[in-house]
Amino acid sequence: MSELKPIIGLEVHCQLTNLRSKLFCSCSADYRGKPPNTNICPVCIGEPGSLPVLNREALISVLKVAIALKADISRFTYFSRKNYFYPDLPKNFQISQYDGAGGIPIARGGSIDIGGRIVRIRRIQLEEDPGRIVYEGTITSSTGLLMDYNRSGIALVEIVTEPDITSPREARVFLEKLRSLLEYIGVFDGSLEGAMRCDANISIPGGGRVEIKNISSFHDVEKALSFELARQKQRMVRGLGVIRETRHWDPRRRITVSLRVKEEEQDYRYFPEPDLPPIIVTDALIEEAERSMPILPYEKIDLYVSKYGLSRGLAEILVSSKDLSELYDKIVECYGKPGRVASWLIEDLLPLLDKLGVGVKDSKAKPEDIAYLLKSIDEGLIDRSRALSMLRSMVLEGSRPVIVFEHSLESRISLVELDRIISEVVEAEGKAFQDAIRNPKALNYLVGLVVKRCGGRADPREVYKLLSKKVREYRRSRR
Amino acid sequence: MKETYTLKLIQEIESGSLPLDEYLARKAEAIAKLEPILNSFITVVKGFEKSRIERLGLLKGLTVAIKDNICMEGIETTCGSLILRGYKPSYDATVVERIKKNSGVITGKTNMDEFAMGSTTEWSAFGPTRNPWDPCRVPGGSSGGSAAAVASGESDLALGSDTGGSIRCPASFCGVVGLKPTYGLVSRYGLIAYANSLEQIGPIARDVYGCALLLTAIAGYDPRDSTSIDRSYTDYRYALIEGLEGFRLGVVRELLGEGVDQRVSSCIEESIYRFESLGATVEEVSIPSISFALPAYYIIAMAEASSNLARYDGVRYGMSLSARDYDWSRYYEDVRSRGFGLEVKRRIILGAYVLSAGYYDRYYIKALKVRTLIKKGFMEVFKRFDALIGPSMPILPFRIGEKIEDPLELYMCDIDTVPVNLAGLPAISIPCGLVDDLPVGLQIIGSYFCEDTILRIAYNLEAALDLRLKPVFSEVCV
Ligand SMILES: [Zn+2]
């Protein structure tokens, strides 16, 4: 029944991790790793009589998000209270924006290109993060809930898509693109735990719409949707139908569990937040947001293709991460040769970082040092394997590349001596030499032996040249 | 300037003929003597009479009683509710900060209807406050404790809060002066919300001078309240100097309509003659949209209240029950069932109802439209008048228990006060006469941020009437 193509929409919540303070108070936005309930004030724990004051930086940041997603910014917008009781909500309402008919989010429309397909954005809005529930022991054995309000009041941007996504994989790609875009504009750091969370809507033809809550990482979005898609298809095949309901993603058991059937949908009794005046988004505010916008990924891909002549595929890989493309820009700035730098980064540097488990941002290697190393490789001053081991310590320890001039006049082996060693090696390794005559690739083995015999005083390229010459001479003599 | 009570008191304190420590000791004595009868306070600040003030600021060491819905660091703040019993705020409200800075001595936290929902102070979880003019009668509300404390001399100044008349009503019933400022003039930071879009903190005093003085101390922009308005600073005492020659006053027909006690209307009429004799012109004026004010007010106030009061769940402050082996939602239910009183529950339920899907447009949105109409109605009239007048309360103070069974009849008492809150205008209530030894209050409504105008009008009337009111139960210093 693979023709049952799903229709998927996402509701993504991202913390504006660039901010210094929370959305409505002056508590630090950096709440992670602090002892419980030490990053709080009367406002963010909803003490009676306290009042919210909008963090202006949060407004600018969300305008940047809107600009990056090419959305229409509302010139008049306002906050609403979303009323519901839950222990993580200190006021038992959340200051958010009304999402129903007549509500005015900060921005509407816009889209993200996920590799040829367009996913439209429905709404972009600002709201406060709830606190965190901590269970004593495990969820099932716990005798009570403990509350940690350190996260309460952190600024969240909510981005809701139209149901334009057609597979779990596309959902993941969308989130990756979104993450990279938000990182580009400097409002978000996806490496922080819990900084991006998402709810997903999924339905297949003939079935009811199912909302999946509590997807806390973008790796899980594909898993949760794949599970749910399989579940829904199963039910359709067995003629059971799919009811409209809300389900919860359990990341440990990797399944979705029914939370509530839609008939009993919650009424949040939204109404305009009386403690915060409506926001008038002026030209000056938008200009301020625009001024602090960097060049965006899609603009950068075009630039790499048109100015540097990179293939679109190569450009997309470089731009997939803000850190990577910034590193690329800096290396090109030092060394030029954008094509060579791009392929080297992708063929050598990225696999190395991957192997070491180090992110581009965490690498200690300075771009100018990497440029110097690459230049040395290209000029034949250092061979690839030595360069890679040097790169490794540059990445891990931040050491400078030291290129020993192995072929400098003082230490370089004399041509006569080299010739003698080559002859000796060829003689000793007769079989290998025969192989090399049939298969030029086998020549490298001999090159290695010669270089070794020379104690590093020989230039491998020169050895290669001399050995090739020997092979050619041998062939000629046989003819 | 005429030497009314507060001015005389300040002069005696400043000249040293009434030393501050003696003054404060007499205030403590008055409280000890009168509290068993009046119950004006929920909490008296221990040892306030021992306060030492280095340099006398604006308030000259005068005592200020604070309504118990205004937060004061470390002092129990209950809002007249069991659900907040034991709650000691971790911070001072902006107005408390300003009173301390201006050398006011805070005597305690005054009684009020639970969460300011009521107009009699009978809905307090800590027993009703009694009217110093007749302890069998209500002092009005919801700031009944503050007005009774000032009328009886337990405190010389007090803060109330006015959501739909909660300063003007008890000021009228207790024969004192109470002012509800323009929305945005006084910071609400630290005022425990009942209906955020309607309420303001305001001064209550024995005379207009005291009101002007305390308003000067507390008014002004506060960045912690996003609805507070950034304007230049005014000393409202200077507004009192001049007369009323050429003032244009409008008597609002809708405020003197059906349901107004004949004895109240005749007191208001006498004040009208007085204004004319002071050189003002008085004309009748109509603002028809005011007739819809009462239902619109209750819909908006209850809607906001239902959300504001959601936070009282017994987890972070106030009432708490043993929570083991409990589902959180059942715990919330238990705390809220036991902690809230009847009237509060009624308003939360009605408020949740008018915000529900399907009813929101029919009630809440319609109420907002009425609110806009009322604002426009007032704006139109203020093109022709400097201020508007009418009664503060349509009736005289009634007996404790007389109306409590009938919420609708009680809501009707707010008919003259709520239009001002819907429009966000300033208004003052001042005593304009006695009927059967019970005070009657006149309401003067000003245009936005024209507190100086209404204070000036009130001051001139006060001087002309020279009532020298002294309730049966009172202890005054001068
Ligand atoms: Zn905070």
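Residues numbered from 1 in each chain as written. Chains lettered and ligands numbered in written order. Predicted model: local features only at pLDDT ≥ 70, side-chain atom pairs only at ≥ 80, totals over all residues. Heavy atoms only, no water.

### Comments concerning the interface of chain B and chain A
Right, so step 1: Between chain B and chain A, the residue contacts involve 41 residues of the former and 33 residues of the latter.
Right, so step 2: Surface buried jointly by chain B and chain A totals about 2900 Å² across both partners, of which 54% is contributed by carbon and sulfur atoms.
Right, so step 3: Across the contact surface, chain B and chain A share one salt bridge.
Right, so step 4: Two residues, D275 of chain A and R188 of chain B, come together in a salt bridge whose shortest N-O distance is 2.9 Å.
Right, so step 5: Remark: the boundary between chain B and chain A carries 21 residue pairs in polar contact (both at pLDDT 80 or more). (Contact = heavy atoms within 4.5 Å. Buried area = accessible area lost by both parts, 1.4 Å probe. Salt bridge = Lys/Arg side-chain N within 4 Å of Asp/Glu carboxyl O. Polar contact = N/O pair within 3.5 Å; in protein donor to acceptor, adjacent residues only side chain to side chain.)

### A closer look at the sheet that holds strand 11 (residues 438-446) of chain B
All names here are of chain B.
Right, so step 1: With respect to topology, 11 strands assemble into an open sheet ordered 1-3-2-4-6-5-10-11-9-7-8, the strand pairing being mixed. Strands with a single pairing partner mark the edges of an open sheet, and in this sheet they are strand 1 (41-44) and strand 8 (281-285). Adjacent strand axes in the sheet meet at a mean angle of 30° when their direction is disregarded. (Pairing = 2+ DSSP bridges. Helix = DSSP H or I, 4+ residues; strand = E, 2+ residues; numbered from the N terminus. Axes fitted to C-alpha atoms, helices over the stretch in contact; angles between N-to-C directions.)

### With respect to the coordination of the zinc ion
By definition of the ideal shapes, four donors in a tetrahedron about a metal sit 109.5 degrees apart, and six donors in an octahedron sit 90 or 180 degrees apart.
All names here are of chain A.
Right, so step 1: Those donors, C25 (SG), C27 (SG), C41 (SG) and C44 (SG), are the protein atoms that reach the zinc ion, and they lie 2.3 to 2.4 Å from it.
Right, so step 2: Viewed at the metal, the four donor atoms of the zinc ion are separated by angles of 103 to 114°, and the geometry they form is tetrahedral.
Right, so step 3: The sequence motif formed by the donor residues of the zinc ion is C-x1-C-x13-C-x2-C. Each member of the pair C41 and C44 is classed as buried. (Donors = N, O, S within 2.8 Å, 3.2 Å for Na, K, Ca; no water. Tetrahedral: all angles 85-135°; square planar, octahedral: opposite > 155°, others 65-115°. Buried < 20%, exposed > 50% of the residue type's maximum accessible area, 1.4 Å probe, protein only.)

### Focus on helix 4 (residues 283-291) of chain A
Residue and element names in this part refer to chain A.
Right, so step 1: Taken together, the buried positions of helix 4 are occupied by L285, I286 and A289. Summarising the axial view, the buried residues of helix 4 lie within an arc of 95°, below the 170-degree limit, and thus occupy one face. Among the exposed residues of helix 4, those pointing more than 90 degrees away from its buried face are A284 and R291.
Right, so step 2: Packing partners of the buried residues in helix 4 comprise helix 1 (56-68), strand 2 (72-73) and strand 17 (279-280). (Arc of directions from axis to C-beta.)

### Some words on the packing of helix 2 (residues 168-184) of chain A against helix 3 (residues 218-237) of chain A
Residue and element names in this part refer to chain A.
Right, so step 1: Taken N-terminus to C-terminus, the directions of helix 2 and helix 3 make an angle of 160°; their axes are 8 Å apart at the nearest point. Here helix 2 is positioned roughly antiparallel relative to helix 3, judged by the angle of their axes. Remark: the crossing between helix 2 and helix 3 carries right-handed chirality. Packed against helix 2, whose contacting residues are P168, R169, A171, R172, L175, E176 and R179, the element helix 3 presents F218, V221, E222, L225, S226 and L229 at the interface.
Right, so step 2: When grouped by side-chain class, the residues that make up the contact of helix 2 with helix 3 number seven nonpolar, one polar and five charged. (Parallel < 35°, antiparallel > 145°, perpendicular 65-115°, else oblique. Left-handed = near helix turned anticlockwise from the far one by under 90°. Nonpolar A, V, L, I, M, F, W, Y, C, P; charged D, E, K, R; others polar.)

### Comments concerning the state of the cysteines
Right, so step 1: Counted under the stated rule, the structure contains zero disulfides over all chains.
Right, so step 2: With no disulfide partner, C432 of chain B has as its closest neighbouring cysteine sulfur the one in C267 of chain B, 4.8 Å distant. (Disulfide = S-S within 2.5 Å.)

### Let's talk about the environment of E254 of chain B
All names here are of chain B.
Right, so step 1: Structurally, E254 can be placed in the loop between strand 7 (248-252) and helix 7 (262-277).
Right, so step 2: Taking relative accessible area as the criterion, E254 reaches 24% and is therefore assigned partly exposed.
Right, so step 3: Separated by 136 residues in the primary sequence, E254 and G390 place their C-alpha atoms 8.9 Å from one another.
Right, so step 4: In this structure, E254 is in contact with V285, S286, I287, P288, I290 and D416, ignoring residues within four places of it in sequence.

### Side note on helix 8 (residues 338-356) of chain A
Residues and elements named next belong to chain A.
Right, so step 1: The terminal C-alpha atoms of helix 8 lie 25 Å apart, and with 19 residues this matches the ideal 27 Å at 1.5 Å per residue to within 8%.
Right, so step 2: Its axis deflected by about 40° at L345, helix 8 carries its strongest bend there.
Right, so step 3: Listed as buried for helix 8 are P338, V341, A342, W344, L345, I346, D348, L349, L352 and L353.
Right, so step 4: As for helix 8, its buried residues are in contact with helix 5 (297-308), helix 6 (312-319), helix 7 (322-335), helix 9 (367-378) and helix 10 (384-397). (Expected span 1.5 Å × (residues − 1). Bend = angle between axes of the 7 residues up to and from the residue.)

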